[in-house]
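Chain and residue survey
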Amino acid sequence: METINVTRSSMPPFEEYCEEIKELWDSRWLTNVGAKHRQLQEKLTEYLDAPHMDILTNGHLSLELSLQALELEGEVITTPFTFASTTQAIVRNGLTPVFCDVDPITLTLDPAKIEPLITERTCAIVPVHVYGNFCDVEAIGEIARKHSLKVLYDAAHAFGARYRDRGAGAYGDVSCFSFHATKVFHTLEGGGSCFQDGAFGKRLARLKNFGLNDPETATAWGGNAKLDEFRAAMGLCNLRHVEEEIEKRGRAEARYREHLEGVPGLRLKAVQPEVQPNHIYFPVLFDEEVFGVSRDRVRDALGEQGISARKYFYPLTSTFPCYQGRFDPGITPIALEASRQVLCLPMYGELSGETVDRICDVILNCPKRGGAP
Ligand SMILES: Cc1ncc(COP(=O)(O)O)c(C=O)c1O
């Protein structure tokens, strides 16, 4: 039985990568912001429509160090319907997450629910472009301006997606991307922060290099988040193929939709007006009452056929044991329901139409409650 993983990393042609790294044997400049790093940073700044950008060793440190570079204190309004990284980056900065519910269609932060949560301690909003669905960037920007709050987008899923023909790096004070091996574009591990303000950029560059201002003076509590030259080289190669990767994923998504669109009890990934999608994930929400089969049962049935699908995001980050019951998941009922219903189906560029047919076949033929298929 052929095993189907939920994702499969894209790779450039082997020879292309070898060619790209060849000169490193001459230069012997392997890390500490070398030529590949600088080239990739320049190309990504343009691709993401960012005013400025810095690239880092992973998406999590992009979030964590960017929050630190914003020099915040107090409460941050954010979503619990996200990957662990978003909430961990907030609490590891000594900030208090204040969880806000999400929009039922896009599953991104619901702007109508943000303002009632603002207090005099609120310093920032940290929304997430979940599954490449764009947050309501206009409404969030307006609230932030009105209350003098910073906006930092977790854009880990938004690489290559565009809203009104602008890349996700154009929005917010800061937008943080992940270039993890499972993403549409990757540097094996990697990440990047797009930002508006040059002074912020200087602070971030210092934080990713041990807080050093010069070789002898640390002026901030920094860490090490430098992207090495081999990974930057992988990024340079992958960037040449990213549009093709997105297009191929788009074909797989279209095939899923042919089978699953309109099936009672299934809600497929949102289609947003004015958004050019990146097809990074294909989430389906299973309403057990209507579909007759629970999300978990569908996941198990796929697993029995060697197909792995992922409960992503489940559970809400607000329920993690490390937060010791500080947060009540009941205050974000839409996010809670989505986390119980969502299943991300396999999605990657090389996913064939026939494999999508096979996956949908398993889903649609899951025995319903009461026995009938
Ligand atoms: C929403 C979100 N934020 C942050 C991250 C962290 O990115 P990385 O794995 O590059 O550290 C991820 C990773 O998948 C993510 O999905």
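Reference entry: report on the structure contained in this document.

Reading guide: rules and limits
- Residues numbered from 1 in each chain as written.
- Predicted model: local features only at pLDDT ≥ 70, side-chain atom pairs only at ≥ 80, totals over all residues.
- Heavy atoms only, no water.
- Helix = DSSP H or I, 4+ residues; strand = E, 2+ residues; numbered from the N terminus.
- Rg over C-alpha atoms; globule rule 2.2 N^0.38 Å.
- Buried < 20%, exposed > 50% of the residue type's maximum accessible area, 1.4 Å probe, protein only.
- Contact = heavy atoms within 4.5 Å.
- Areas by Shrake-Rupley, 256 points an atom, 1.4 Å probe, with all protein chains shown as cover.
- Pairing = 2+ DSSP bridges.
- Axes fitted to C-alpha atoms, helices over the stretch in contact; angles between N-to-C directions.
- Salt bridge = Lys/Arg side-chain N within 4 Å of Asp/Glu carboxyl O.
- Near = heavy atom within 4 Å.
- Polar contact = N/O pair within 3.5 Å; in protein donor to acceptor, adjacent residues only side chain to side chain.

**Let's talk about the overall build of the chain**
When its secondary structure is counted, the chain shows 12 helices and 15 strands. For 373 residues, the compact-globule estimate of 2.2 N^0.38 gives 21 Å, and the C-alpha radius of gyration of the chain, at 21 Å, lies within 12% of that figure. When the backbone C-alpha atoms are referred to their principal axes, the chain occupies close to 70 × 55 × 40 Å. The 373 residues of the chain split such that 56% are buried. Of the contacts made within the chain by residues no fewer than 6 positions apart, 71% connect residues no fewer than 24 positions apart. As displayed, the chain offers around 16,500 Å² of accessible surface, 51% of which is attributable to carbon and sulfur atoms.

**Re the sheet that holds strand β1 (residues 52–56)**
Sheet strands pair by backbone hydrogen bonding; their relative direction is either parallel or antiparallel. If you walk across this open sheet you meet the seven strands as β1-β9-β8-β5-β4-β2-β3, and the pairing is mixed. Taken across any chain shown, the strands that pair with only one partner, and hence form the sheet edges, are β1 and β3 (96–99). Across the sheet, the mean angle from the axis of one strand to that of its neighbour is 25°, orientation sign disregarded. Of the strand pairs in this sheet, strand β8 (residues 174–178) and strand β9 (residues 191–195) are connected by five bridges, and their pairing is antiparallel. Paired with C176 across the bridge in β9 is S193.

**Topic: the sheet that holds strand β12 (residues 266–268)**
In space, the three strands of this open sheet follow the order β12-β14-β15, with antiparallel pairing throughout. Both edges of this open sheet fall to β12 and β15 (342–345), since each of them pairs with a single strand only. Taken pair by pair, the neighbouring strands of this sheet meet at an average axis angle of 30°, ignoring direction. Sheet topology places strand β14 (residues 282–286) next to β15; four bridges connect them, and they run antiparallel. The partner of F282 across the bridge, within β15, is L345. Against the sheet, helix α11 (residues 333–341) contacts β14 and β15, and its axis sits at roughly 50° relative to β15.

**A short note on the pattern of salt bridges**
Enumeration over the complete set of coordinates arrives at 27 salt bridges. Between E16 and R240 there is a salt bridge; the shortest N-O distance is 2.7 Å. On the criterion of sequence distance, the pair formed by E16 in helix α1 (residues 14–22) and R240 in helix α8 (residues 229–260) is long-range, its members being 224 residues apart. Linking E274 and R164 is a salt bridge whose minimum nitrogen-to-oxygen distance equals 2.9 Å. Within this pair, whereas E274 is found in the loop between β12 and β13 (275–276), its partner R164 is found in the loop between β6 (162–163) and β7 (166–167), the two being separated by 110 residues in sequence.

**Concerning the site of the ligand**
Neighbouring the ligand are 15 residues, the closest being G59, D154, S178, K183 and Y312. Contact distances for the ligand include 2.8 Å between an oxygen atom and a backbone N or O atom of H60. One of the side-chain nitrogen or oxygen atoms of S178 is found 2.7 Å away from an oxygen atom of the ligand. Calculation on the ligand without its partners gives an accessible area of 390 Å², and the protein chains cover 91% of this total. No other element matches helix α4 (residues 59–69), which puts three residues into the shell around the ligand.

**Looking at the environment of D296**
In this structure, D296 sits in helix α10 (residues 295–304). Spatially, the C-alpha atom of D296 lies 32 Å from that of R92, the residues being 204 residues apart in sequence.

**Description of the environment of L149**
Position of L149 among the secondary structure elements: in the loop between α6 (137–147) and β5 (150–154). Placed 54 residues apart in sequence, L149 and L95 show a C-alpha to C-alpha distance of 14 Å. Each residue touching L149, except ones within four places of it in the same chain, is listed here: I118, T122, C123, A124, I125, A144 and D173.

**Description of α4**
Most of α4 is tucked away, with nine of its 11 residues classed as buried. Three or more residues of α4 are buried, namely G59, L61, S62, L63, E64, L65, S66, L67 and A69. Capping the start of α4 is the job of one residue whose side-chain oxygen sits 3.1 Å from the backbone nitrogen of H60: N58. Phi turns positive one or two residues past the end of α4, at E71, with a value near 55°.

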